[in-house]
Amino acid sequence: MGSDPQAEGVELQQLNRELRAISTCNQTLMRAQDEPTLLGDICRIVCDEAGYRMAWVGYAEHDEAKTVRPVASAGFEEGYLASAQLTWSEATEWGRGPGGTAIRRGETVLVQDIASDPRMAPWREGAARRGYRSTVGLPLKAEDGTAFGVLLIYSSEANVVTPEELRLLEELAGDLAFGITVLRARVERKRAESVMRARLRLLEFAGSHSMDEVLTATLDELEALTGSTIGFYHFVEPDQKTLSLQNWSTNTLLNMCQAAGKGSHYAIDQAGVWVDCVRERRPVIHNDYASLAHKRGLPEGHAPVIREAVVPIFRGSQIKAIIGVGNKPTAYDEPDIGIVSQLGDLSWDIIERMRIEQGLRESEEKFSAAFNASPSLVAITRLADGQILEVNPAYTRMLGYSREESLGRTTSELSIWADQAARDTFLAELKSSGQVTDLETRLRRKDGTLVAVLDSARTIQIQGETYVLSVARDITERKKAEDALRVSEQKFRALAENSPDNIFRYDLGGRVIYANQQVLLTLEGLVHAIYGKTPLELSPEGLYAGGLAELQHYQATLQDVIRTGGMAEVEMHVPDASGGLRTHLVRFRAERDADGKIAGALAFGRDITEKTRLEEQLRQSQKMEAIGQLAGGVAHDFNNILTAIIGFGNLAKMKMKPDDPQQVLIDHILASSDRAAHLTHSLLAFSRKQVLLPKPVDLNAIVQNVGKLLSRLIGEDIELIPRLTGQGLIVMADEGQIEQVLMNLATNARDAMPGGGSLTIATEAKELGADFMSSHGYGKAGKYALMTVSDTGRGMDAKTRERIFEPFFTTKAPEKGTGLGLSMVYGIIKQHEGFINVYSEPGKGTTFRIYLPMVAKATTEARAEPEPLPRGGHERLLLAEDDPVIRNLIGDILREFGYQVLEAVDGMDALDKIIARPGAIDLMILDVVMPKMNGKEVYDAARRMGGQPKTLFISGYTADFISQKGIFEEGVQFLAKPVSPFELLKKIRLILDEKA
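Numbers given to residues run from 1 along each chain, matching the order in which its sequence is written. Only residues with pLDDT of at least 70 get local features here, since the model is predicted, and only at 80 or more are side-chain atom pairs given and counted; chain-wide, interface and lining totals rely on the full set of residues. As a rule here, side-chain values come from all non-hydrogen atoms in the structure, and water together with hydrogens is ignored.

- Under an unreviewed UniProt entry, the name given to the chain is histidine kinase, and the organism recorded is Geothrix limicola.
- What UniProt records for the chain under Catalytic activity (unreviewed entry) is the sentence "ATP + protein L-histidine = ADP + protein N-phospho-L-histidine." UniProt positions are given in the numbering used here, feature names are shortened, and annotations may be inferred rather than shown by experiment.

What follows is the structure, encoded as structure tokens:
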């Protein structure tokens, strides 16, 4: 058969078109700047210049479905690609067509007749509608020969592709693949350069900016490199279950997103598709966000998301953060993932470095603060020779050396170590193990005294040299605290293990689930019967003895407490071992679990049988307090009267000549006044509110001094028998008060022996220990002076013995006694921190044993000549006293001795005079209690006006009342009424002569 000239002409024309198309494509390849434009231009040239119906380029994805992703097309496409399932998987007929086969095998696939070729079955109908009659799939190969995509060309005629035409098309596909590779290399090089410049900018930026600013800068760089408009950075918590938003990019915050910002937390299992990278532990790209089935929507104010690329940042197996970008105009690809990964890793390295640096700064600051604020001695010394590098303030306080005296010198030069053996041990342990823990030793202070410390140390490296960081604590107070804690713990254990309360725990059903040790003791053999039972299920003869009605009330109250969650109490009657009944007060309280729900109830049962007796004791105590207040008030008024008598008497005496016979009368007046002053002391002794004047005295000397007086007091028919130890019994006591004790006891003994007898006073030293305290229930261990006063009188029964120290209790006839004598004795001894016991039986006499704490040494008082009258002065004194008699008296005395006196009738008057004469008053003499404004208030007001005014307070009130007014605590001078002119003048001169 001959050739068809017409057909050959058509073929030649087609080849010429293809050659022109290839030439145009090559020119396009040479001018190409970006891949999408290149691919679109090639497809257009193939259709427009080579005359094909349609052409498109697809890239092979390596996902599970092996998708072929169209990236460019031209010609009559009309939705063909969207309707087809594009894949290169051989597992489906959609992947066995010319495109999938060309990618999979890397070979050209030609279909001359789509209508008849079985490989085109899935596409046949769509191709026919669009006029596609034949097609060729041309693989786009990388340098290693693998196909990364395919160029598919469709013709409107069947069986027209000649071998020469096919060769030209393959040449075109090869040129296109090469052009794509070259373009990608060029783009990748530019991208790498851009990434490198961005990395350098971030590293430089991090040197002078905060972590937040670095993160924002990272996101801004990523947006610029990927063409995105959204950037976000989240930290992943260590539990790998929660994310916290750290930063948005600048553009996101300014123009895109008003949703919750920095610090927002998200649970990973509840977050949307943007945390797929955490769930899948790999970078993810969502180029069609709207089509994602598992998206969860966006919070209010969030920017709309079109597409996104999110990368996890790993350190080891843990995800530390995720970083993402979004809304790039074109699809994200692997190079975008690479860029995000590179800057993400770099930013995390910067963050970790910043955290380490910040941690070091904080650590240094904390060390410096701890070093300087530590209450313990802290020092840094060189191990080799002990040279001191640094010390803290506690070092200077503890050892007395200043920092300047210590730095550069060695511990040996300063002789700090008092124990050489301890120092040797210290150094040996440091050299062997690098540390010392709690070495107990002694250090020598600058003044030579020693301090016990607990020293711990470890070696540290400073600029390549070994130093020692030592921390030494003064353990003196710690040992005291440990001893106190040990005693406290013992007391607590004794209390807990011997609690007098019966304690029950009930469940929600009112059944017993716990009973304490006291319940076990109370119930003896019945304890096994109470667990798991309600009160009504217990035998009334067992735990409770009040009968069924009492048990019903108990259970009803318990159930009400469990129901309401409140509190309540009931009284119950419990049998004791002797067969009697004890009354128990049971308090209920609802018990709740950790969630606050009612879990049951607790019951605390306390024996209140002795309640009535204790209440009676309280009434007696209140009566004693009331009488004490009465005594204090009487003493105050009496002291004012005595001040006037003593003052005017002394004033009269001072104005008499030495040989004036009237001086004898004045002396009698003053002596009587002195005895009256002792009476006020007795009144205050009863209330235990007198001001004591204790000093070290020998108890034997007191007994000897008062012996003659006692002999006259008890009468000739009673023999006084002193049995005093030869040992000195030094006690801290007010001698007059102890004499009062002996006189009161002697008076009682005399009245108990109307027919005569003997009164024995014996003394001895006594060491009291734990056995004494345990048997008597009071006292504290130590050395005591024991004074025993025994008579051979009538004695007394137990009921009388229990009440003898109560005020106004007496067994004597009304005209014989007041019932205050032994109350005064008791008050005086207690105020001396001693204690008193009584032993007596009817017909066998009575013995009082008085224990007073002993002290080291007594004072010896030389018999001094009578002091001359204190010298007077010309200073200006303010006298504030509301009693006109006392005010006139003191004023006359002061003026008699040359002082200028301003008299004030009350506190307000005194303050007015101070204000009127600022700085002109040398001394204020203030009565503590005055109308309108008391002495303390006047003193405070004067002090607020400036300076520290010299002040002398005077009062006839009791010591505890004055303490309440804040006088003693202030450390100012005080004189108690009655006061003699001599003492007043002496005190005033002493205060005035003191340096300001």
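### Digging into the side chain of Thr846
Okay, so step 1: A run of H or I in DSSP becomes a helix once it reaches four residues, and a run of E becomes a strand once it reaches two; helices and strands are each numbered from the N terminus. For Thr846, the location among the structural elements is in strand S28 (residues 846-853).
Okay, so step 2: For Thr846, the side chain forms a polar contact with the side chain of Ser840, separated by 3.0 Å. What qualifies as a polar contact is a pair of N or O atoms within 3.5 Å, subject to a donor-acceptor requirement within protein and to the restriction that residues adjacent in sequence count only when both atoms come from side chains.

### Considering the side chain of Ser134
Okay, so step 1: Its location among the elements puts Ser134 in strand S4 (residues 134-141).
Okay, so step 2: Among the polar contacts listed, one links the side chain of Ser134 to the backbone oxygen of Glu157, at a separation of 2.7 Å.
Okay, so step 3: If we ignore the near neighbours within four places in the chain, the residues touching Ser134 are Val111, Gln112, Ile114, Ile153, Tyr154, Ser155, Glu157, Ala158, Asn159 and Val160. Contacts between residues were defined by any pair of non-hydrogen atoms, one from each residue, lying within 4.5 Å.

### Observations concerning empty space enclosed by the protein
Okay, so step 1: Using only the protein atoms, space was sampled on a 1 Å grid; points where a 1.4 Å probe fits but cannot get out form cavities, open sets with protein on both sides within 12 Å along at least five of seven lines form pockets, and lining residues are those with an atom within 4 Å of a point. Grid points are joined across faces, edges and corners, and a volume is the space filled by probe spheres set on the points. Counted by the stated rule, this structure contains 4 cavities of 30 Å³ or more.
Okay, so step 2: Size it by volume and the largest cavity reaches roughly 130 Å³.
Okay, so step 3: Around the largest cavity sit 14 residues that line it, and Trp56, Leu86, Gly99, Trp123 and Leu152 are the ones nearest its centre.
Okay, so step 4: Of all the elements in the fold, those that place two or more residues in the lining of the largest cavity are helix H4 (98-105) and strand S5 (147-155).
Okay, so step 5: Per-element tally for the lining of the largest cavity: the top contributor is H4, with 3 residues.
Okay, so step 6: Throughout this entry, Asp, Glu, Lys and Arg are counted as charged residues, while Ala, Val, Leu, Ile, Met, Phe, Trp, Tyr, Cys and Pro are counted as nonpolar. The remaining residues, Gly among them, count as polar. Looking at the lining of the largest cavity residue by residue, the class counts come to 10 nonpolar, 4 polar and no charged.

### Regarding unusual backbone geometry
Okay, so step 1: Of note in this structure, Gln240 is not a glycine but carries a positive phi near 60 degrees.
Okay, so step 2: Following the sequence through the fold, Gln240 ends up in the loop between strand S6 (230-236) and strand S7 (242-248).
Okay, so step 3: At Glu833, a position not held by glycine, the phi torsion is positive, near 60 degrees.
Okay, so step 4: By the secondary structure assignment, Glu833 is in the loop between helix H23 (821-831) and strand S27 (835-840).

### Focus: the packing of aromatic side chains
Okay, so step 1: The aromatic pairing rule takes the rings of Phe, Tyr and Trp, using the six-membered ring of Trp, and pairs them if the centres are within 6.5 Å, calling planes under 30 degrees apart stacked, those over 60 edge-to-face and the rest tilted. Taken as a whole and judged by the stated rule, the model has 17 aromatic pairs.
Okay, so step 2: A centroid spacing of 6.0 Å and a plane angle of 25 degrees characterise the contact between Phe504 and Tyr506, whose relative ring orientation is stacked.
Okay, so step 3: Relative to Phe588, the ring of Tyr554 lies with its centre 5.0 Å away and its plane at 75 degrees, an arrangement referred to as edge-to-face. Of the two residues, Tyr554 is situated in helix H16 (residues 548-564) and Phe588 in strand S20 (residues 581-592); the sequence distance between them amounts to 34 residues. In this structure, Tyr554 and Phe588 share a single accessibility class: buried.
Okay, so step 4: Site record: aromatic cluster; members linked through ring pairs are Phe232, Trp248, Tyr266 and Trp274. For every residue, the accessible area (1.4 Å probe, protein chains only) is compared with the maximum for its type, and the residue is labelled buried under 20%, exposed over 50%, or partly exposed between those bounds.

### Digging into the environment of Asp220
Okay, so step 1: With respect to the helices, strands and loops of the structure, Asp220 is situated in helix H7 (residues 211-226).
Okay, so step 2: Using a relative accessible area of 27% as the deciding quantity, one classes Asp220 as partly exposed.
Okay, so step 3: One polar contact links Asp220 to Thr250, side chain to side chain, over a distance of 2.7 Å.

### Brief notes about the packing of helix H2 (residues 35-48) against helix H6 (residues 163-206)
Okay, so step 1: To get an axis, a line is fitted to the C-alpha atoms, and for a helix only the part in contact is used. The angle between two axes follows their N-to-C directions and goes from 0 to 180 degrees. One can describe the packing of H2 onto H6 by two numbers: an axis separation of 10 Å at closest approach and a directional angle of 165 degrees. With respect to H6, the element H2 is oriented roughly antiparallel. Helix-helix and strand crossings are classified by hand; for H2 and H6 the assignment is right-handed. Facing Glu35, Leu38, Leu39, Ile42 and Val46 of H2, the residues of H6 in contact are Leu172, Leu176, Gly179, Ile180, Leu183 and Arg184.
Okay, so step 2: Taken together, the residues that form the contact of H2 with H6 break down as 8 nonpolar, 1 polar and 2 charged. Should an angle lie under 35 degrees it is considered roughly parallel, over 145 roughly antiparallel, and from 65 to 115 roughly perpendicular; all remaining angles are considered oblique. Each crossing is labelled by how the near helix is turned from the far one, with a counterclockwise turn of less than a right angle marking it left-handed and a clockwise turn marking it right-handed.

### Let's talk about the nonpolar core
Okay, so step 1: Note on terminology: a nonpolar core comprises buried Ala, Val, Leu, Ile, Met, Phe, Trp, Tyr and Cys residues joined through side-chain atoms within 4.5 Å. Counting residues in each nonpolar core, the largest one holds 36 residues, and the members touching the most others are Leu742, Leu745, Met787, Phe848 and Ile850.
Okay, so step 2: At the level of elements, helix H19 (699-714), strand S24 (730-733), helix H20 (735-752), strand S25 (757-768), strand S26 (782-791), H23, S27 and S28 are the ones that each hand at least two residues to this core.
Okay, so step 3: The residues touching Ile850, leaving out its near neighbours within four places in the chain, are Val741, Leu745, Ala785, Leu786, Met787, Ile829, Phe835 and Ile836.
Okay, so step 4: Ranked by size, the runner-up nonpolar core spans 35 residues in total, among them Ala50, Leu138, Phe148 and Leu169.

### Brief notes about the sheet that holds strand S16 (residues 465-474)
Adjacent strands of a sheet pair through backbone hydrogen bonds, lying either parallel or antiparallel.
Okay, so step 1: In this analysis, strands are considered paired if DSSP registers two or more bridges between them. Read from one edge to the other, the open sheet built from 5 strands follows the order S13-S12-S16-S15-S14, with strand pairing classed as antiparallel. Looking at which strands have only one partner, the edges of the open sheet turn out to be strand S13 (388-391) and strand S14 (435-444). Within the sheet, the average angular offset between the axes of one strand and its neighbour, ignoring direction, is 30 degrees.
Okay, so step 2: Two strands pair when backbone bridges link them, and strand S15 (residues 450-462) and S16 are joined in this way by 10 bridges, in the antiparallel orientation. Residue Thr459 lies in a different strand from S16, and its bridge partner there is Val468.

### Side note on the layout of surface pockets
Okay, so step 1: The volume enclosed by the largest pocket comes to roughly 2,000 Å³.
Okay, so step 2: Around the largest pocket, the lining comprises 46 residues; the ones closest to its centre are Arg69, Asn287, Tyr332, Asp333 and Glu334.
Okay, so step 3: Of all the secondary structure elements, the ones that give two or more residues to the lining of the largest pocket are H2, strand S1 (54-60), strand S2 (68-75), H6, strand S9 (284-286) and helix H10 (334-373).
Okay, so step 4: With 8 residues, the top contributor of residues to the lining of the largest pocket is H6.
Okay, so step 5: Of the residues in the lining of the largest pocket, the class split is 20 nonpolar, 9 polar and 17 charged.

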